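What the coordinates show
Residue strings, one per chain:
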Amino acid sequence: MLVLQSLIRPEGQLELSLAEMAPPRIAEPDQVLVSMEAAPLNPSDMTLLLGGADLHGAERTRVNGLPAMVAPMPPGAMAAQARRVGQPQAVGNEGAGTVVATGSAPEARALLGRKVAMMGGGMYAEYRVAAASQCLALPSNASATDGAAAFVNPITALGMLETARREGHKSMALTVAASNLGQMLLRLCEAEDVPLVSIVRRPQQARLLNDLGARHVVDSSAEDFVPRLTDALAETGTRLAFDATGGGEMAGQLLHAMEAALSRQAGRAYDRYGSQIHKQIYIYGYLERMHTTLPPGLGMAWGLGGWLVFSFWRALPPERRAQLQARVAAELKSTFACRYARECTLQELLTPEALRQSVQMATGDKTLLRLAPG
Ligand SMILES: NC(=O)c1ccc[n+]([C@@H]2O[C@H](COP(=O)([O-])OP(=O)(O)OC[C@H]3O[C@@H](n4cnc5c(N)ncnc54)[C@H](OP(=O)(O)O)[C@@H]3O)[C@@H](O)[C@H]2O)c1
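Residues numbered from 1 in each chain as written. Predicted model: local features only at pLDDT ≥ 70, side-chain atom pairs only at ≥ 80, totals over all residues. Heavy atoms only, no water.

Quick word on the overall build of the protein chain
Tallying secondary structure elements over the protein chain gives 13 helices and 20 strands in all. Scaling as 2.2 N^0.38, a compact globule of 374 residues should have a C-alpha radius of gyration of about 21 Å, and the protein chain matches this with 22 Å. Along the longest, intermediate and shortest principal axes, the C-alpha atoms of the protein chain span 70 × 50 × 35 Å. Put simply, the protein chain has 374 residues, and 54% of those count as buried. Pairs at least 24 apart in sequence give 70% of the contacts found in the protein chain among residues at least 6 apart. Within the structure as shown, the protein chain displays about 17100 Å² of accessible surface, and the carbon and sulfur contribution to it stands at 52%. (Helix = DSSP H or I, 4+ residues; strand = E, 2+ residues; numbered from the N terminus. Rg over C-alpha atoms; globule rule 2.2 N^0.38 Å. Buried < 20%, exposed > 50% of the residue type's maximum accessible area, 1.4 Å probe, protein only. Contact = heavy atoms within 4.5 Å. Areas by Shrake-Rupley, 256 points an atom, 1.4 Å probe, with all protein chains shown as cover.)

Dropping the structure here:
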C-alpha cells in the first residue's frame, strides 16, 4: 500500500514522498482494517505535512521510482522542526473508508463492510488499522466523501460549545469564522440558541456569513472594527472567545473589547483594577505565526489558554463520546457538512502546483484527497 510521508532532511529540505509498505495488520481483537477512500487537507495537517517549507522553491522528484517533491526549509522553520529531522512522518488527522477486516471482538465485527470515519494521524494512506471505538460508523446513505471530515471540525464545534457551557457562558465569539469550522459552529449555535459573534477578516466573508443567517458578524479589516466588536460583545454579553489567528493583536483586542463592553454596563462602579468578571480567550490555531501581544487596560480577571480537539476528546467519558458521534452521524449532511473545492489523488498532490493550491487555507477552498475509488 502507499503511504504519504513527510521527511525533513538534515541538509535543510522537506521531502514529501509515497512509501510502498505492507498493509498494517490487525493486532488486537477490537481493531479493524480500513481501506481508506477519502481524507481532507485541513489547516491542522499543515505543520506536520510541510514543516514550514518554502513551497515557492518546490521541485518534483522521484523517491524509489514513485512521485515525490522536495522544497527548501528556511532556517527558522528548520530550527522549529529540529526534533523531527530525519524521521519520516505519516500525515493526515482524519479520513474515511470501508472496513475490510476485523479482530474477533463483537464491536469490531459489527463494523465489517461498513463505511467509517476516523481521527488519529497517518490517514493519508491506502489502509489504516484503528480500534473500533475510534471509528464513527457512517449512516448507510453517507459516502466516504461525506464522512472524510466527520471528526476534526465537527467535534471541535461541539467541543467549543461544551467548553462554553461547562465554564458558564451563554454566548461566545469565534475568529476565522467563515471557515468550514466557523460555518459549522454558526449552524450549531443557531440550533442551540447560543449567540455567536463571528469575526472575519474580509468584507466578502462577512457577506457570506450574513447570507447564512449570522446575526453578529464583525470584519477585522474595517476601520471601525474595535467599536463594532465592542458593540457585538456588549449586545451578546460575551466573555469567551476562541481565536485561530493565535499570533498578533487579536487575543488582546478581544480581551480589551470585552472589558470595554463590561464597563458600559449601567450602574457599574469604577474599580481601579478593572472589572472582576472573568474573560477567557482560547487560542485554537496559529494562522498568524508571530508573538501574541496583549495591551494594558484588560483588568485583572482574564485568562488566555490553548484549546485542542484531541485533548478535549481524550478527556471525554466514552458515553459522552458516543453521544457526540451520534449527533455528528445524524447531522453529517446538514450541520456538519463539508464542501470541497477540488479533489486529487496522493500522486496528483505531489506536484508543486497542486500542493501550493491545496495548502492555501482559504475560505471555501478545501481539498479532498481521494485515496481509493469509493
Ligand atoms: N485547536 C483545534 O483543536 C482545532 C480543530 C479544528 C480546526 N482548528 C483550526 O480552525 C481553523 C479553521 O479550520 P478549517 O478547517 O475550518 O479551515 P478552512 O475551512 O480550511 O478555512 C481556512 C480559513 O482560515 C482563514 N485564514 C487563513 N489564514 C489566515 C490568517 N492569517 N488570518 C486569519 N484567517 C486566516 C481563511 O480565511 P481567508 O479566506 O481570509 O484566507 C479561511 O477562512 C484552522 O486554523 C484550524 O487549524 C483547530
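Quick notes on helix α7 (residues 203-211)
Burial in α7 covers these residues: Gln-205, Ala-206 and Leu-209. End-on, the buried residues of α7 take up no more than an arc of 105 degrees, which puts them together on one face. Looking at α7, the residues exposed on the side facing more than 90 degrees away from the buried face are Arg-207 and Asp-211. If you follow the buried residues of α7, they end up packed against α6 (180-192), β12 (196-200) and β13 (216-219). (Arc of directions from axis to C-beta.)

Some thoughts on the sheet that holds strand β6 (residues 89-90)
The strand order across the open sheet formed by five strands is β4-β5-β2-β1-β6, and the pairing between neighbours is antiparallel. In this open sheet, the two edge strands, each paired with only one partner strand, are β4 (59-63) and β6. Here eight bridges tie strand β1 (residues 2-9) to strand β2 (residues 13-20), and the two strands are oriented antiparallel to one another. The partner of Val-3 across the bridge, within β2, is Ala-19. (Pairing = 2+ DSSP bridges.)

A word on the environment of Leu-369
Within the fold, Leu-369 resides in strand β20 (residues 367-370). Distance in space between the C-alpha atoms of Leu-369 and Asn-210 is 30 Å, their sequence separation being 159 residues. Excluding residues that lie within four positions of it along the chain, Leu-369 makes contacts with Glu-37, Ala-38, Ala-39, Leu-41, Tyr-124, Cys-344, Thr-345, Leu-346 and Leu-349.

Some points on the packing of aromatic side chains
In total, this model carries four aromatic pairs according to the counting rule given. Centroid distance Phe-151 to Trp-313: 5.8 Å. Interplanar angle 85 degrees. Geometry classified as edge-to-face. Here Phe-151, found in the loop between α4 (144-147) and α5 (152-166), pairs with Trp-313, found in helix α10 (residues 309-315); they are 162 residues apart in sequence, far enough to count as distant. The same class applies to Phe-151 as to Trp-313, namely buried. (Phe/Tyr/Trp six-rings, centres within 6.5 Å; stacked < 30°, edge-to-face > 60°.)

Thoughts on the pattern of salt bridges
Scanning the model with the defined rule gives 14 salt bridges in all. Across the salt bridge formed by Glu-15 and Arg-9, the nearest N and O atoms sit 2.7 Å from each other. With respect to burial, Glu-15 and Arg-9 carry one shared label: buried. Several salt bridges converge on common partners, so that one network encompasses Arg-165, Glu-192, Arg-327 and Glu-331. (Salt bridge = Lys/Arg side-chain N within 4 Å of Asp/Glu carboxyl O.)

Section: the site of the ligand
Close contacts around the ligand come from 24 residues, with Arg-202, Gln-205, Val-309, Thr-363 and Lys-366 the closest. A distance of 2.9 Å is found between a nitrogen atom of the ligand and a side-chain nitrogen or oxygen belonging to Glu-288. Between the ligand and Thr-363 there is a distance of 2.7 Å, counted from an oxygen atom to a side-chain nitrogen or oxygen. Considered on its own, the ligand offers 930 Å² of accessible surface; in the complex 91% of this is hidden by protein. Taken together, the elements giving at least two residues each to the shell around the ligand come down to α5 and α6. Per element, the largest residue contribution to the shell around the ligand is three residues, and it comes from α5. Partitioning the shell around the ligand into residue classes produces twelve nonpolar, eight polar and four charged. A domain split of the shell around the ligand shows at least three residues from each of domain 1 (2-149 + 338-370) and domain 2 (153-310). (Near = heavy atom within 4 Å. Polar contact = N/O pair within 3.5 Å; in protein donor to acceptor, adjacent residues only side chain to side chain. Nonpolar A, V, L, I, M, F, W, Y, C, P; charged D, E, K, R; others polar. Domains from an automatic or database assignment.)

Describing the pairing of strand β3 (residues 31-41)
Of all the eleven residues making up β3, eleven are buried; the element is thus mostly covered by neighbouring parts of the structure. Looking at chain direction, β3 and strand β7 (residues 94-102) are connected through six bridges and run antiparallel. Note that in β7 the partner of Met-36 across the bridge is Gly-97.

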